[in-house]
Amino acid sequence: MTRTTTTNTCYIPKKPYLKEDLTSSCAILDVGYNTGGFLKLALQYEYKPYGIEVNKYAIKQSPWIQNISWDEVGDIDFKLVSFFDSLEHMRNLEVLRSMRTAFILVSFPDVGDRDIEALKTWKHYRPNEHLFYFNRYTLKGLMNNIGYDLIVYENVEGPIREDITTGIFKKGRENGK
């Protein structure tokens, strides 16, 4: 199943804060691209599709995507790096510091203000799968720490995927200072 969701179609490059910066032939990286729905849309705008995916079946389904490793991320200048339902699965968030990109887009299950007891009964609570839980403030803090400023925070999918929020961050301060 591809991840061509409402989020995917809303952000390439229909939003004015992305449209002026995303030009044809710019490199876009999708982390956890599955079978490449988002990057397939990116091709329509002549962006260069890169991805990080560990699922071998998904990689075979999308041979047109240049699948790279985290070791290669720091060698490429990306305009946009996207994490559609993938950031919360990552074991090591320190690798985010190696990215060279103007924008980071994160779509994630938003924990909101749930306490630990409410978290345990939440439909997105998956302790063996979700290694991190974010809300607006924790995600903003993480991104500020690596030098990115929040420019948009919204639920673009509405009732289609309740509790899924998207944040877009733009490169700001160097090294989070």
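Residues numbered from 1 in each chain as written. Predicted model: local features only at pLDDT ≥ 70, side-chain atom pairs only at ≥ 80, totals over all residues. Heavy atoms only, no water.

Enquirer: Hey, could you run me through the packing of aromatic side chains in this one?
Expert: Given two aromatic rings, one states the distance between the centres and the angle between the planes to describe the pair. For the structure on display, the rule yields 8 aromatic pairs. The interplanar angle of 80° and the centroid separation of 5.4 Å between the aromatic rings of Tyr50 and Phe78 together place this pair among those described as edge-to-face. Taken together, the residues span a long stretch of sequence, with Tyr50 in strand 2 (residues 48-52) and Phe78 in strand 4 (residues 77-84) at a distance of 28 residues. The burial state of Tyr50 is the same as that of Phe78; both residues are buried. Look at Trp122 and Tyr133: their rings are 6.5 Å apart centre to centre, the planes differ by 55°, and that puts the pair in the tilted class. Of this pair, Trp122 sits in the loop between helix 6 (116-121) and helix 7 (136-145) while Tyr133 sits in the loop between helix 6 and helix 7, and the two are 11 residues apart along the sequence. (Phe/Tyr/Trp six-rings, centres within 6.5 Å; stacked < 30°, edge-to-face > 60°. Helix = DSSP H or I, 4+ residues; strand = E, 2+ residues; numbered from the N terminus. Buried < 20%, exposed > 50% of the residue type's maximum accessible area, 1.4 Å probe, protein only.)

Enquirer: Help me out: how do you make sense of the nonpolar core in this one?
Expert: Where a protein is soluble and globular, its nonpolar side chains tend to be buried together. If you look at the biggest cluster of nonpolar residues, it comprises 28 residues, and the most contacted ones within it are Phe83, Leu87, Leu96 and Met143. The set of elements that each furnish at least two residues to this core consists of strand 1 (27-31), strand 2, strand 4, strand 5 (100-109), helix 7 and strand 6 (148-154). Residues within four places of Met143 in sequence aside, it is in contact with Leu87, Leu96, Ile104, Val106, Tyr148 and Phe169. Listed in part, the 15 residues of the second largest apolar core include Leu22, Cys26, Ile28 and Leu105. (Core = buried A, V, L, I, M, F, W, Y, C linked by side-chain atoms within 4.5 Å. Contact = heavy atoms within 4.5 Å.)

Enquirer: Before we go on, may I ask you to explain the pattern of salt bridges in this structure?
Expert: Opposite charge on two side chains makes pairing possible when the charged atoms of those side chains draw close. Evaluated as defined, the whole model comprises 5 salt bridges. Arg114 is paired through a salt bridge with Asp163; the nearest N and O atoms lie 3.6 Å apart. With Arg114 in the loop between strand 5 and helix 6 and Asp163 in the loop between strand 6 and strand 7 (164-171), the pair connects residues that are 49 residues apart, well separated along the chain. The salt bridge partner of Glu117 is Lys120, with a shortest N-O separation of 3.8 Å. (Salt bridge = Lys/Arg side-chain N within 4 Å of Asp/Glu carboxyl O.)

Enquirer: Mind showing me how you'd approach the pairing of strand 7 here?
Expert: Both faces of the sheet carry side chains from a regular strand, because those side chains alternate between them. Across the 8 residues that make up strand 7, a large majority, 6, are buried. One ladder, built from 7 bridges, connects strand 5 with strand 7; its direction is antiparallel. Within the sheet, the bridge partner assigned to Val106 lies in strand 7 and is Gly167. Inspection of the sheet shows strand 6 paired to strand 7 by 6 bridges, in the antiparallel sense. Within strand 7, the residue paired with Glu154 across the bridge is Thr166. (Pairing = 2+ DSSP bridges.)

Enquirer: What's the story with helix 7 in this structure? I'm lost.
Expert: An α-helical turn contains 3.6 residues, so any two residues separated by three or four positions project in the same direction. For helix 7, every residue scored as buried is listed here: Leu139, Leu142, Met143 and Asn144. Capping of helix 7 at its N-terminal end is provided by Asn135; its side-chain oxygen lies 2.9 Å from the backbone amide nitrogen of Tyr137. Gly147 lies just past helix 7 and shows a positive phi near 100°. (Polar contact = N/O pair within 3.5 Å; in protein donor to acceptor, adjacent residues only side chain to side chain.)

Enquirer: Whenever I open this one, unusual backbone geometry confuses me. Can you help?
Expert: Peptide bonds are, in most cases, trans, and in most cases residues other than glycine have a negative phi. For Asn34, which is not glycine, the phi torsion reads 60° and is therefore positive. Here Asn34 is to be found in the loop between strand 1 and helix 3 (37-44). Residue Asn34 is classed as partly exposed on the basis of its relative accessible area of 27%.

Enquirer: Even after reading the chapter, I still don't get the confidence of the model for the protein chain, so can you show me in this structure?
Expert: A low pLDDT means the predicted coordinates there should not be read in detail. When pLDDT is averaged across the protein chain, the result is 83; 82% of the residues are at 70 or more. Per-residue pLDDT stays below 50 along residues 1-13; that stretch engages in 48 contacts with residues further than four places along the chain or on separate chains. (pLDDT = per-residue confidence, 0-100.)

Enquirer: Can you help me understand the pairing of strand 1 in this one?
Expert: Among the 5 residues in strand 1, 5 count as buried, and that is most of the element. Covered by surrounding structure in strand 1 are Ala27, Leu29 and Val31 together with Ile28 and Asp30, the residues of both alternating faces. Tracing the backbone out of strand 1, into helix 3 and back to the parallel element strand 2 gives a crossover that is right-handed. Taken together, the 3 bridges between strand 1 and strand 4 define a ladder with parallel strand orientation. Note on strand 4: the bridge partner recorded for Asp30 is Ser82. (Right-handed = clockwise from strand over helix to strand, strands pointing away.)

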